[in-house]
Amino acid sequence: AQSVTQPDIHITVSEGASLELRCNYSYGATPYLFWYVQSPGQGLQLLLKYFSGDTLVQGIKGFEAEFKRSQSSFNLRKPSVHWSDAAEYFCAVCSSNTGKLIFGQGTTLQVKP
Amino acid sequence: DAGVIQSPRHEVTEMGQEVTLRCKPISGHDYLFWYRQTMMRGLELLIYFNNNVPIDDSGMPEDRFSAKMPNASFSTLKIQPSEPRDSAVYFCASRGFSTEAFFGQGTRLTVV
């Protein structure tokens, strides 16, 4: 069955520090992978996506993610975090066969000044 | 395109009443999803449609929940009768065949 795990519920980093949010998925074939961000009271905004090709994908706001098939992972990274990055981050996996799109539990990012 | 449009943005209703949430997907998108977001359970997929046909409703919590997509530009999620534990933010999203999903702003439902 298709599933997504975000092991870290809450992460706190200092402004200017690097960031890595973990995402592991379970799916039989190559999935479509996404990272979304949600600010309080808002909908979800796409940060980046992977469908095929280069396994290192660049997104908006300086984020990037790397698809590692051997580890079933799609971790999100940013070299230097800004206070405005504080939000909730969701990893999502979409079945390339059925189109079913499910989300991880989310990771709340807090940024210390 | 105006994006995915959900209505109402906020709904407060009394327990036992019927609630209908509405969604207009982005024109041309093949898939439509309904999600429920709560602190305890995160973002749960309730049901999704492909070309107006329900594909997977295994996430619908009970028979009190039903969803329809009568045409490509409109979908409803209905709760009848509503209960306090249904209080949550309900999101609708749509996507094309090889695109990401676009989300509406959500409907915040409060059942008292």
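Residues numbered from 1 in each chain as written. Chains lettered and ligands numbered in written order. Predicted model: local features only at pLDDT ≥ 70, side-chain atom pairs only at ≥ 80, totals over all residues. Heavy atoms only, no water.

Caption draft 1: Region of interest: the environment of Ser95 of chain A. Residue and element names in this part refer to chain A. When you line up the elements, Ser95 lands in the loop between β10 (87-94) and β11 (101-103). Judged by its relative accessible area of 4%, Ser95 is buried. Setting aside anything within four residues of it in sequence, one finds Ser95 in contact with Gln2, Tyr27 and Lys100. (Helix = DSSP H or I, 4+ residues; strand = E, 2+ residues; numbered from the N terminus. Buried < 20%, exposed > 50% of the residue type's maximum accessible area, 1.4 Å probe, protein only. Contact = heavy atoms within 4.5 Å.)

Caption draft 2: Local environment of the packing of aromatic side chains. Tallied over the full model, the rule gives 17 aromatic pairs over all chains. Here Tyr31 of chain B and Phe33 of chain B contribute two aromatic rings whose centre-to-centre distance is 6.3 Å and whose plane-to-plane angle is 20 degrees, an arrangement assigned as stacked. We note that Tyr31 of chain B, like Phe33 of chain B, is buried. Considering the side-chain rings of Tyr31 of chain B and Tyr48 of chain B, the 6.5 Å spacing of their centres and the 35 degrees angle between planes classify their relative orientation as tilted. Of the two residues, Tyr31 of chain B sits in strand β4 (residues 31-38) while Tyr48 of chain B sits in strand β5 (residues 42-50), which places them 17 residues apart along the sequence. For the pair formed by Tyr31 of chain B and Tyr48 of chain B, the shared burial category is buried. Grouped by ring-pair contacts, the aromatic residues Tyr32, Phe34, Tyr36, Phe51, Phe90 and Phe103 of chain A together with Tyr31, Phe33, Tyr35, Tyr48, Phe91 and Phe103 of chain B constitute a single cluster. (Phe/Tyr/Trp six-rings, centres within 6.5 Å; stacked < 30°, edge-to-face > 60°.)

Caption draft 3: Inspection of the sheet that holds strand β3 (residues 19-24) of chain B at higher detail. All names here are of chain B. The antiparallel open sheet is built from 4 strands, whose spatial order is β1-β3-β8-β7. Of all the strands in the sheet, just β1 (5-7) and β7 (65-71) have a single pairing partner and so form its edges. Each adjacent strand pair in this sheet contributes to an overall mean axis angle of 15 degrees, direction not counted. (Pairing = 2+ DSSP bridges. Axes fitted to C-alpha atoms, helices over the stretch in contact; angles between N-to-C directions.)

Caption draft 4: Up close: the interface of chain A and chain B. Listed as interface residues are 20 residues of chain A and, on the opposing side, 21 residues of chain B. In total, about 1,600 Å² of surface goes out of reach between chain A and chain B, with carbon and sulfur atoms giving 52% of it. Among the residues of chain A in contact with chain B, Leu44, Lys100 and Leu101 of chain A are the three that bury the most area, contributing 27% of the side total. In this structure, Asp56 of chain B and Lys100 of chain A form a salt bridge, with 2.9 Å as the shortest nitrogen-oxygen distance. Among the elements that line the side of chain A that touches chain B, the one with the most residues is strand β5 (residues 32-38) of chain A, at 4 residues. (Buried area = accessible area lost by both parts, 1.4 Å probe. Salt bridge = Lys/Arg side-chain N within 4 Å of Asp/Glu carboxyl O.)

Caption draft 5: Examining the state of the cysteines more closely. Residues and elements named next belong to chain A. A full pass over the atoms with the stated rule returns 2 disulfides over all chains. Each sulfur in the disulfide pair Cys23 and Cys91 lies 1.9 Å from the other. Residues Cys23 and Cys91 share a disulfide whose torsion about the S-S bond is about -65 degrees; that sign makes it left-handed. Of this pair, Cys23 sits in the loop between β3 (19-21) and β4 (24-26) while Cys91 sits in strand β10; the two residues are 68 residues apart in sequence, bridging distant segments of the chain. Residue classification places Cys23 among the buried residues on the basis of a relative accessible area of 0%. (Disulfide = S-S within 2.5 Å.)

Caption draft 6: Inspection of the pattern of salt bridges at higher detail. All names here are of chain B. Per the stated rule, a full pass over the model turns up 14 salt bridges over all chains. Residue Asp86 pairs with Arg64 through a salt bridge whose shortest N-O separation is 2.7 Å. Here Arg64 lies in the loop between β6 (53-56) and β7 and Asp86 lies in the loop between β8 (74-79) and β9 (88-95), a separation of 22 residues in the sequence. Each member of the pair, Asp86 as well as Arg64, is classed as buried.

Caption draft 7: Region of interest: the nonpolar core. Counting 50 residues, the largest nonpolar core has Trp35, Tyr89 and Phe103 of chain A together with Tyr35 of chain B as the members making the most contacts within it. At 7 residues, the largest contribution of residues to this core is made by β10 of chain A. Beyond its immediate stretch of four places on either side in the chain, Tyr89 of chain A contacts Gln6, Leu21, Trp35, Tyr36, Val37, Leu47, Phe63, Leu76, Gly106, Thr107 and Leu109 of chain A. In terms of nonpolar packing, the next biggest core, distinct from the first, is built from 21 residues, Val19, Cys23, Phe49 and Leu77 of chain B among them. (Core = buried A, V, L, I, M, F, W, Y, C linked by side-chain atoms within 4.5 Å.)

Don't take any of this as a statement about function, it's just geometry.
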